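The primary structure of each chain is shown beneath.
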Amino acid sequence: MDSEQAAGDADAQVAQKPGNVLFDYAAGELARAITCLGWRGARLHTGVHQARKSIRRARATLALGTPQLGAGAALIDRELGSMNRRLSKLRDAHAFVVALDDLIEKTRAPEALAVLRRVRRIAAAGRAGRARAELLEDPLLGDKRALLTTLQAALPALPWNVVRQADVDAALTRSLLDLDEAGARALASTRDDDWHRWRRRARRWSQQQRALGDNVGAHEPMQQHGKRLAVVLGEAQDFALIIAHCSKRSPFADADRRVLRELAVEGLHALRERIAKKVADFAQTP
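The structure reproduced in this document is the subject of the present report. A quick note: this is a predicted structure, and the numbers were derived from the prediction, not measured.

Before going further, it helps to spend a moment on the overall build of the protein. Tallying secondary structure elements over the protein gives eleven helices and zero strands in all. Seen along its three principal axes, the alpha-carbon backbone of the protein occupies a region of about 75 × 55 × 30 Å. Within the protein, the proportion of its 286 residues that are buried is 44%. Taking all contacts inside the protein whose residues are at least 6 apart in sequence as the whole, residues at least 24 apart take part in 73%. When the accessible surface of the protein is split by element, carbon and sulfur atoms take 53% of a total near 15100 Å².

In structure tokens:
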């Protein structure tokens with residue numbers, strides 16, 4: 001083996017270190033979030049949604065290096081969490097409209113469709129109002145993009161080189177235990193908060209698998225199940241979001257609100273039954 005080939009092999013080994021994989025992924029997701037928050041006009045809401053997804057992926061990636069990445073990673077994680085919370089009202093307004101669109105597509109009864117379309121028009125107007133308020137407070141979302149740029153610039157200072165595969169496997173085990181615990185609690189409960197917690201845990205598990213790519217560590221058999229679980233729990237959360245908009249404080253007429261709630265409750269219960277069956281079937285898989 002000549003010196004040039006030896007140097008190439010050494011570079012390949014460095015590139016494959018878990019810390020390098022995690023850093024590249026986290027930095028890329030924050031760059032994507034900054035880009036998406038720059039989307040304008042009709043793409044604003046989609047951009048916010050995609051930016052929040054990338055921020056969550058970056059946070060999930062940082063968690064894979066915990067505690068080895070130290071206090072600096074904890075500070076970046078807190079700031080990213082705060083950023084996503086500041087964007088949550090804008091995202092929720094859009095998610096409500098998208099959930100209504102999905103429900104309209106699945107509904108066949110003409111009377112119910114008429115109600116859903118009326119509600120959707122009101123919800124779309126509310127979404128537009130929320131966007132105007134957000135942009136008035138932070139024109140072009142410039143302050144948020146600037147903060148994300150600062151956090152992205154801080155990533156290289158973290159000690160990524162100390163993260164070993166054993167550390168990543170331990171972090172994955174913690175995530176899997178959290179997922180199992182949240183699932184058991186949700187399946188024994190009817191509380192939306194418990195199911196939402198389960199959805200967050202499943203989503204983080206799926207995001208961590210995505211961050212690792214081909215280096216999924218010691219938990220590969222759970223990978224596809226976790227991804228499917230995150231998707232279907234997200235669908236259930238859409239129904240819960242619709243129900244949350246059916247309070248007496250909502251801008252909808254009483255009769256429309258009752259129809260909307262009945263449709264969402266029916267859909268939520270049916271989906272949760274499907275989820276419980278999927279989990280039971282997976283548990284029995286050899």
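With 13 residues, helix 7 (residues 142–154) extends 19 Å between its outermost C-alpha atoms, agreeing within 8% with the 18 Å of an ideal straight helix rising 1.5 Å per residue. Within helix 7, burial applies to Lys 144, Leu 148 and Leu 151. Projected down its long axis, helix 7 shows its buried positions confined to an angular sector of 60 degrees, all on one face. Among the exposed residues of helix 7, those oriented more than 90 degrees off its buried face are Asp 143, Thr 150 and Ala 153. In this structure, the buried side of helix 7 is in contact with helix 2 (18–36), helix 3 (44–64), helix 4 (70–86) and helix 6 (110–137).

The subject of this paragraph is the pattern of salt bridges. On inspection of all chains with the given rule, the structure shows 14 salt bridges. Across the pair Arg 197 and Asp 194 runs a salt bridge whose closest N-O atoms are separated by 3.0 Å. You can see Arg 197 and its partner Asp 194 sitting in helix 9 (residues 192–212), three residues apart, about one turn around the helix. We note a salt bridge from Lys 277 to Asp 281, for which the minimum N-O separation is 2.9 Å. Pair noted here: Lys 277 and Asp 281 are both in helix 11 (residues 254–283), with a separation of four residues, about one helical turn.

Moving on, we get to helix 4. With 17 residues, helix 4 extends 25 Å between its outermost C-alpha atoms, agreeing within 8% with the 24 Å of an ideal straight helix rising 1.5 Å per residue. On its buried face, helix 4 is in contact with helix 2, helix 3, helix 5 (88–106) and helix 7.

Tracing the backbone shows Thr 107 in the loop between helix 5 and helix 6. A relative accessible area of 11% places Thr 107 in the buried class. Here the side chain of Thr 107 touches Leu 103 through a polar contact of 2.7 Å, landing on its backbone oxygen. Ignoring any residue separated from it by four or fewer positions in sequence, one finds Thr 107 in contact with Ala 112, Leu 113 and Leu 116.

Another aspect to go through is the packing of aromatic side chains. Across all of its chains, the model carries three aromatic pairs by this definition. For the ring pair Phe 96 and Phe 252, a centre distance of 6.1 Å and an interplane angle of 40 degrees mean the geometry is tilted. Of this pair, Phe 96 sits in helix 5 while Phe 252 is found in the loop between helix 10 (223–244) and helix 11, placing the two residues 156 residues apart along the sequence. The two residues Phe 96 and Phe 252 agree in class, both being buried. Directly above the ring of Trp 39 sits Arg 43, whose terminal nitrogen or CZ lies 3.9 Å from the centroid.

Following both chains from N to C, one finds helix 8 (residues 165–187) and helix 9 inclined at 155 degrees, their axes separated by 8 Å at the closest point. By the criterion of interaxial angle, the relationship of helix 8 to helix 9 is roughly antiparallel. Between helix 8 and helix 9 the crossing geometry is left-handed. Contacts between helix 8 and helix 9 involve Val 168, Leu 172, Ser 175, Leu 176, Asp 178, Leu 179, Ala 182, Gly 183, Arg 185, Ala 186 and Leu 187 from the first element and Asp 194, Trp 195, Arg 197, Trp 198, Arg 201, Ala 202, Trp 205, Gln 208, Gln 209 and Leu 212 from the second. Among the residues making up the contact of helix 8 with helix 9, the classes are represented as twelve nonpolar, four polar and five charged.

Each value, and the rule that gives it
Residues numbered from 1 in each chain as written. Predicted model: local features only at pLDDT ≥ 70, side-chain atom pairs only at ≥ 80, totals over all residues. Heavy atoms only, no water. Helix = DSSP H or I, 4+ residues; strand = E, 2+ residues; numbered from the N terminus. Buried < 20%, exposed > 50% of the residue type's maximum accessible area, 1.4 Å probe, protein only. Contact = heavy atoms within 4.5 Å. Areas by Shrake-Rupley, 256 points an atom, 1.4 Å probe, with all protein chains shown as cover. Expected span 1.5 Å × (residues − 1). Arc of directions from axis to C-beta. Salt bridge = Lys/Arg side-chain N within 4 Å of Asp/Glu carboxyl O. Polar contact = N/O pair within 3.5 Å; in protein donor to acceptor, adjacent residues only side chain to side chain. Phe/Tyr/Trp six-rings, centres within 6.5 Å; stacked < 30°, edge-to-face > 60°. Lys NZ or Arg CZ within 6 Å of the ring centre and 35° of its normal. Axes fitted to C-alpha atoms, helices over the stretch in contact; angles between N-to-C directions. Parallel < 35°, antiparallel > 145°, perpendicular 65-115°, else oblique. Left-handed = near helix turned anticlockwise from the far one by under 90°. Nonpolar A, V, L, I, M, F, W, Y, C, P; charged D, E, K, R; others polar.

Keep in mind that these numbers describe shape and distance, not what the molecule does.
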